[in-house]
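Chains, contacts and geometry: an overview
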There are 2 protein chains.
Amino acid sequence: MIKISLLGYGNLGQHLARKLQELEGIQLVEIYSPSQKTDKSLNVPVINDLKNLSDADLYIAAVSDDAIAEISQKLPKDYTLVHTSGTVALDVLERQSKRGVFYPLQSFSKGHSVAFDQIPICLEANNAETMELLERLAAKISQKVVHINSQDRLNLHLGAVLVNNFANHLYTLSNHHLKQKGLSLDLLHPLILETAKKAVVIGPEWSQTGPAKRGDLKTIERHLGLIEDEQLKEMYNLLSDSIRAHTKSK
Amino acid sequence: MIKISLLGYGNLGQHLARKLQELEGIQLVEIYSPSQKTDKSLNVPVINDLKNLSDADLYIAAVSDDAIAEISQKLPKDYTLVHTSGTVALDVLERQSKRGVFYPLQSFSKGHSVAFDQIPICLEANNAETMELLERLAAKISQKVVHINSQDRLNLHLGAVLVNNFANHLYTLSNHHLKQKGLSLDLLHPLILETAKKAVVIGPEWSQTGPAKRGDLKTIERHLGLIEDEQLKEMYNLLSDSIRAHTKSK
């Protein structure tokens, strides 16, 4: 049995808490939530002061990046502490002699459940015992567990920002434009899903189509003529130029 | 029985030819392919001169945007002619008294099959008879058939460029960056798929996460420090600024 104390109850904390409760061989002993707002169906003790932490094998800090160092400072040196951030280095937890990182490579939103078994979990630890503990935990959650050091994790996180944050923002911009014109993003739903699927199956380099790829300046001009927002116009030009540069260099 | 002559055998033409051959009540009478390169398994006559066109109920010009007007000029006035472009206006076919548009809202790539029944097909025609013919055909291919005029179609096409061409290019840029750092896009595959799915299920406005959304300037600075390519740096800044602007205006 691995006894886990979960520190933080934001987007990731909430998804993780529900998942940990389902797992055999895992006991979620408490949730630290300063606001004390948790889902009562979880039936786990909630604390709002780090001084009241229970005994656990592993303390998982699922808090915002800026709060990680503070958590580390407030926890005893001999607690095994890991954080869940894509960007924060392992050594921010230097106060703890057994420290690690447990980073699920996914974007978590409230009210939208995710299939944890498909999420790559990136592990890092400064000692074999902690790594072995993290591996045991991660293997219960996901089929895809990898060892990633802090620098690689930061690069992966940047890659994730491009394919998630920025791609999603393009969906938002598309939705915004279509609404302005009395149209709905619904008609583009199959295209959104197929675009992601195709990139995964055949690779994005082989999936690229469209006016920029073809060097079809006439269509590009007509699109620019439709766009009212100056920032979107600038983005359209920059992305089209980048597609053209990548097309040529292939 | 609807007799169809398919003019053009590019990405869309190839997918459409295979689909048309499967359909009950449809006879694909010929394919016009100037290069005469077609898949022999199709078992359809191939012509390379528009003077040799057979008799058909419908001529579908699945050619590049620039070639549509030329096709229209070379075809008899009394042929029912439609094109398949997202950006070209119906009236480019003004020589034909019965004209229309049959625009499947999807990105087609060679060697990657798509489920036509999920693809919205946008129809336009200048007369009821042609519209009825297009509706009969479209209903055999897809569950989602809509009437869209030329101006709306152009706006939808712009929306499609954002969610497909540009999103896919972000995947390419992410892949490129990860490769430079000795990492693989494979680890981001689940995130790519989940990002698309979540935007479709809960909407992109509710799916946005990440440093720009949070106003996390520290992480943004660290990402910028990793990017070597100036164009990517510019894009990162512009997209982050746009996310922040949209976050504030909500």
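Residues numbered from 1 in each chain as written. Chains lettered and ligands numbered in written order. Predicted model: local features only at pLDDT ≥ 70, side-chain atom pairs only at ≥ 80, totals over all residues. Heavy atoms only, no water.

Digging into helix 8 (residues 217-226) of chain A
Burial in helix 8 of chain A covers these residues: A:Thr219, A:Ile220, A:His223, A:Leu224 and A:Leu226. When helix 8 of chain A is viewed along its axis, its buried side chains cluster within an angular range of 155° and face the same direction. When the buried face of helix 8 of chain A is taken as reference, the exposed residues oriented beyond 90 degrees from it are A:Lys218, A:Glu221 and A:Gly225. On its buried face, helix 8 of chain A is in contact with helix 4 (150-180), helix 7 (211-214) and helix 9 (230-249) of chain A together with helix 2 (65-74) and helix 4 (150-180) of chain B. (Buried < 20%, exposed > 50% of the residue type's maximum accessible area, 1.4 Å probe, protein only. Helix = DSSP H or I, 4+ residues; strand = E, 2+ residues; numbered from the N terminus. Arc of directions from axis to C-beta. Contact = heavy atoms within 4.5 Å.)

Description of the interface of chain B and chain A
Counting residues at the interface gives 92 residues for chain B and 92 residues for chain A. Between chain B and chain A lies a buried interface of about 8,800 Å² when both sides are counted; carbon and sulfur atoms form 68% of it. Among the residues chain B hides against chain A, the three largest losses belong to B:Val163, B:Phe166 and B:Leu187. Together they make up 8% of the total. Where chain B touches chain A, the interface holds two salt bridges. Two residues, B:Asp66 and A:Lys218, come together in a salt bridge whose shortest N-O distance is 3.1 Å. Summed over the shared surface of chain B and chain A, the result is 34 residue pairs in polar contact (both at pLDDT 80 or more). The set of elements that each furnish at least two residues to the side of chain B that touches chain A consists of helix 2, helix 4, helix 5 (189-202), helix 6 (204-207), helix 7 (211-214), helix 8 (217-226) and helix 9 (230-249) of chain B. No other element matches helix 4 of chain B, which puts 27 residues into the side of chain B that touches chain A. For the side of chain B that touches chain A, the residue count by class is 45 nonpolar, 32 polar and 15 charged. (Buried area = accessible area lost by both parts, 1.4 Å probe. Salt bridge = Lys/Arg side-chain N within 4 Å of Asp/Glu carboxyl O. Polar contact = N/O pair within 3.5 Å; in protein donor to acceptor, adjacent residues only side chain to side chain. Nonpolar A, V, L, I, M, F, W, Y, C, P; charged D, E, K, R; others polar.)

Overview of the domain arrangement of chain A
The accessible area lost on association of the parts is a frequent measure of interface size. Residues and elements named next belong to chain A. Annotation of chain A at the domain level lists domain 1 (2-148) and domain 2 (153-249). A straight line from the C-alpha centre of domain 1 to that of domain 2 covers 35 Å. Each partner contributes residues to the interface: domain 1 has 14 residues there, and domain 2 has six residues. Both faces combined, the contact of domain 1 with domain 2 buries some 760 Å², and carbon together with sulfur accounts for 62% of it. (Domains from an automatic or database assignment.)

Overview of the relation of the copies chain B and chain A
At an RMSD of 0.0 Å, chain B and chain A line up after a rotation of 180° and a shift of 0.0 Å along the axis. What the rotation and shift describe, once combined, is the action of a two-fold rotation axis. It is B:Ala167 whose C-alpha, among those of chain B, lies nearest the rotation axis, at 2.5 Å. Both copies share a contact surface, since 100% of the interface residues of chain B are interface residues in chain A too. (Least-squares fit on C-alpha atoms with pLDDT ≥ 70 in both.)

Structural notes on the packing of helix 9 of chain A against helix 4 of chain B
Here helix 9 of chain A crosses helix 4 of chain B at 55°, and the two axes come no closer than 10 Å. Judged by the inter-axis angle, helix 9 of chain A sits oblique to helix 4 of chain B. Of the two possible hands of crossing, helix 9 of chain A and helix 4 of chain B adopt the one that is left-handed. Each of A:Leu232, A:Tyr236, A:Leu239, A:Ser240, A:Ser242, A:Ile243 and A:His246 in helix 9 of chain A lies in contact with helix 4 of chain B, whose residues at this interface are B:Leu158, B:Val161, B:Leu162, B:Asn165, B:Phe166, B:His169, B:Leu170, B:Thr172, B:Leu173 and B:His176. (Axes fitted to C-alpha atoms, helices over the stretch in contact; angles between N-to-C directions. Parallel < 35°, antiparallel > 145°, perpendicular 65-115°, else oblique. Left-handed = near helix turned anticlockwise from the far one by under 90°.)

Things to note about a negative patch on the surface
A cluster of acidic residues, A:Glu234, A:Asp241, B:Glu234 and B:Asp241, forms a negative patch at the surface. Every element with two or more residues in the negative patch is listed here: helix 9 of chain A together with helix 9 of chain B. You can see A:Glu234 is positioned in helix 9. (Patch = residues over 30% accessible without salt bridge, like charges linked within 9 Å, V, L, I, M, F, W, Y side chains within 5 Å. Areas by Shrake-Rupley, 256 points an atom, 1.4 Å probe, with all protein chains shown as cover. Lys, Arg positive; Asp, Glu negative; His and termini not counted. Charge placed at Lys NZ, Arg CZ, Asp CG, Glu CD.)

Remarks on the pairing of strand 6 (residues 99-104) of chain A
The two faces of the sheet receive side chains in turn, since in a regular strand these alternate between them. All names here are of chain A. Burial analysis of strand 6 places six of its six residues in the buried class, which makes it a mostly covered element. Of the two faces of strand 6, the one lined by Arg-99, Val-101 and Tyr-103 and the one lined by Gly-100, Phe-102 and Pro-104 are each fully buried. By the bridge criterion, three bridges tie strand 5 (residues 81-83) to strand 6 in an arrangement that is parallel. By the bridge assignment for strand 6, Val-82 is matched with Gly-100. For strand 6 and strand 7 (residues 121-125), the ladder comprises five bridges, and the chain directions are antiparallel. Bridged to Pro-104 within strand 7 is Ile-121. (Pairing = 2+ DSSP bridges.)

As for the packing of aromatic side chains
Under the counting rule described, the total for this entry stands at six aromatic pairs over all chains. Judged by centre distance (5.1 Å) and plane angle (70°), the rings of A:Tyr236 and B:Phe166 are edge-to-face. Taken together, the residues span two chains, with A:Tyr236 in helix 9 and B:Phe166 in helix 4. Comparing A:Tyr236 with B:Phe166 shows no difference in burial state: the two are buried. Seen in terms of ring centroids, B:Tyr59 and B:Tyr79 are 4.3 Å apart; in terms of plane orientation they differ by 15°. Their pairing is stacked. Of the two residues, B:Tyr59 is situated in strand 4 (residues 58-61) and B:Tyr79 in the loop between helix 2 and strand 5 (81-83); the sequence distance between them amounts to 20 residues. Grouping residues by exposure puts B:Tyr59 and B:Tyr79 together as buried. (Phe/Tyr/Trp six-rings, centres within 6.5 Å; stacked < 30°, edge-to-face > 60°.)

Describing the sheet that holds strand 4 (residues 58-61) of chain A
Residue and element names in this part refer to chain A. In space, the eight strands of this open sheet follow the order 3-2-1-4-5-6-7-8, with mixed pairing throughout. If you trace the sheet from one side to the other, it starts and ends with strand 3 (46-47) and strand 8 (145-147), each paired once. Sheet topology places strand 1 (residues 2-7) next to strand 4; four bridges connect them, and they run parallel. The partner of Ile-4 across the bridge, within strand 4, is Leu-58. The sheet contacts of helix 2 (residues 65-74) involve strand 1, strand 2 (26-32), strand 4 and strand 5, and relative to strand 5 the element is tilted by about 175°.

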